Amino acid sequence: MENSSPASGVPGKASPGRVGEVLAFFLRLGCTAFGGPAAHIALMHHELVRRRRWVTEAQFLDLLSATYLIPGPNSTEMAIHLGFVRAGWPGLVAAGAAFIIPAMLMVMALAALYVHFRATPDLAGILYGVKPVVLALIAQAMSDLGRRTARDLRVVLIGLAAGALYLHGVHELLLLLGTGLAMLALRQVRRPGLPLIGAAGLALTSLSTSPVPFHLLGMFLLFLKIGATLYGSGYVLVAFLRADFVARLGWLTESQLLDAVAIGQVTPGPVLTTATFIGYLLAGIPGALLATLGIFLPAFVLVALTGPWIPRMRRSPILAAFLDGVNGASLGLMAGVLVQLASASLVDPLAVGIGVLSFLLLIRTPINATYLVLAGAALGWLKSRV
């Protein structure tokens, strides 16, 4: 089958046949793709580069690089990019929607069961075993991101500073912006002292949000903000969610947040359907739909805006420096939220053992994360029965 376009970011022909191909492929992927963003992208590469030849290897790598240059969920943005290249604007919408909707519906069903059965000992036991695995998944994501960023000592130091400031209540958006500017200053200015001080001063300014009663519009806008600013990894989402929904507004508990992340992990498709679960907990089906729309809408807009600029974006040293700083902050945010959530999940030696074993298996074997979540659930259920 011939390639759909001669260059990355150029829309393909929007014929009904091609739109149907895009819809069918990503609908199947959305129903079956377990394992997180890296696994999703690997499946897309195998099917669309090697087997179907919708894009070349070089085009695929250009599109993948573009997903790291913009905020949002990487695998979802990759799906949207590939749909656009294959079938133009209709393909862009079809690919993203087909990839997201199956997971959204599964998460909504699980959220309904959670609301109905959460007081039962069986479910409490299952979640007891799943929560340490979730922490291990965050630690693995932090390890993966660390390997990509640790080549530059400045990025490591920025990450450590960002983690410490996050634990002291500094707003995560200011940390992302401040660290990006700090790295830019370090690479662009021979004497970086003053620019770095300015960026750090920005990071030391914390945004405070007074507690407010829950309302749908506020929830939608929070998820829209998260979708438009989420960098580094899908698990940085946990830091954003904890800061807004647990610490600032009190709409969720620590335990509910961990449960939401666990549900987002055990279902196929995008990890960010964690938002669907939270929306359902807060406002039922309307909340689930609005939360899903809010967190994924920026991905569609950003892909549409940046597609034609992909080659130029990749070669920009200014943008590269800024994003290295942002990646360092993402690493720090994941470390900070790992510390904060540990007390809610590592409640006894068995839970610690589940978490440590899960982490070791994740970093030393190619095991699918879904199997670990299911194993943790089984161990927790057995403990509740003893």
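Anything mentioned here points back to the structure above.
These remarks concern the structure in this document. (Residues numbered from 1 in each chain as written. Predicted model: local features only at pLDDT ≥ 70, side-chain atom pairs only at ≥ 80, totals over all residues. Heavy atoms only, no water.)

A word on helix 4 (residues 74-117)
- Compared with an ideal rise of 1.5 Å per residue, which puts 44 residues at 64 Å, helix 4 spans 33 Å between its outermost C-alpha atoms and falls more than 12% short.
- Where helix 4 bends most, the angle comes to about 150°, and this point is alanine 87, followed within four residues by the proline proline 90. (Helix = DSSP H or I, 4+ residues; strand = E, 2+ residues; numbered from the N terminus. Expected span 1.5 Å × (residues − 1). Bend = angle between axes of the 7 residues up to and from the residue.)

Here's the deal with a nonpolar patch on the surface
- A cluster of nonpolar side chains, namely Leu346, Val352, Val356, Leu360 and Ile363, defines an oily patch on the protein surface of about 360 Å² accessible area.
- Among the structural elements, isoleucine 363 can be located in helix 15 (residues 349-364).
- Take isoleucine 363: its relative accessible area is 39%, and that puts it in the partly exposed class. (Patch = residues over 30% accessible without salt bridge, like charges linked within 9 Å, V, L, I, M, F, W, Y side chains within 5 Å. Areas by Shrake-Rupley, 256 points an atom, 1.4 Å probe, with all protein chains shown as cover. Salt bridge = Lys/Arg side-chain N within 4 Å of Asp/Glu carboxyl O. Buried < 20%, exposed > 50% of the residue type's maximum accessible area, 1.4 Å probe, protein only.)

Let's talk about the packing of helix 9 (residues 216-229) against helix 10 (residues 236-248)
- Running from N to C, helix 9 and helix 10 cross one another at 150°; their axes reach a closest spacing of 11 Å. The orientation of helix 9 with respect to helix 10, classified from their angle, is roughly antiparallel. Read as a crossing pair, helix 9 and helix 10 show a hand that is right-handed. Residues Met219, Leu222, Phe223, Lys225, Ile226 and Thr229 of helix 9 form the contact with helix 10, whose participating residues are Leu237, Phe240, Leu241, Asp244 and Phe245.
- Along the lines of polarity and charge, the residues of the contact of helix 9 with helix 10 split into eight nonpolar, one polar and two charged. (Axes fitted to C-alpha atoms, helices over the stretch in contact; angles between N-to-C directions. Parallel < 35°, antiparallel > 145°, perpendicular 65-115°, else oblique. Left-handed = near helix turned anticlockwise from the far one by under 90°. Contact = heavy atoms within 4.5 Å. Nonpolar A, V, L, I, M, F, W, Y, C, P; charged D, E, K, R; others polar.)

Regarding the pattern of salt bridges
- On inspection of all chains with the given rule, the structure shows eight salt bridges.
- Residues arginine 52 and glutamate 47 are paired through a salt bridge, measuring 3.5 Å at the closest nitrogen-oxygen approach.
- On the accessibility criterion, arginine 52 (24% relative accessible area) is partly exposed.
- Among the ionic pairs, lysine 131 bridges to aspartate 259, the shortest N-O distance being 3.6 Å. Placement of the pair is lysine 131 in helix 5 (residues 121-149) and aspartate 259 in helix 11 (residues 254-266), with a sequence separation of 128 residues.
- When its relative accessible area of 11% is taken as the criterion, lysine 131 is described as buried.
- Among the charged side chains, a network of salt bridges with common partners joins Arg28, Glu47, Arg51 and Arg52.

A word on the packing of aromatic side chains
- With the rule as written, the count across this model stands at seven aromatic pairs.
- With 5.0 Å between their ring centres and 80° between their planes, phenylalanine 214 and tryptophan 251 make a pair best called edge-to-face. With phenylalanine 214 in the loop between helix 8 (193-203) and helix 9 and tryptophan 251 in the loop between helix 10 and helix 11, this residue pair connects regions lying 37 residues apart in the sequence.
- Judged by relative accessible area, phenylalanine 214 falls into the partly exposed class, the value being 30%.
- What makes tryptophan 251 buried here is its relative accessible area of 11%.
- Pairwise contacts between aromatic rings join Phe214, Phe223, Phe245 and Trp251 into one cluster.
- A cation sits over an aromatic face here: lysine 383 above tyrosine 128, 4.8 Å from the ring centre. (Phe/Tyr/Trp six-rings, centres within 6.5 Å; stacked < 30°, edge-to-face > 60°. Lys NZ or Arg CZ within 6 Å of the ring centre and 35° of its normal.)

Geometric values such as these leave the question of function open.
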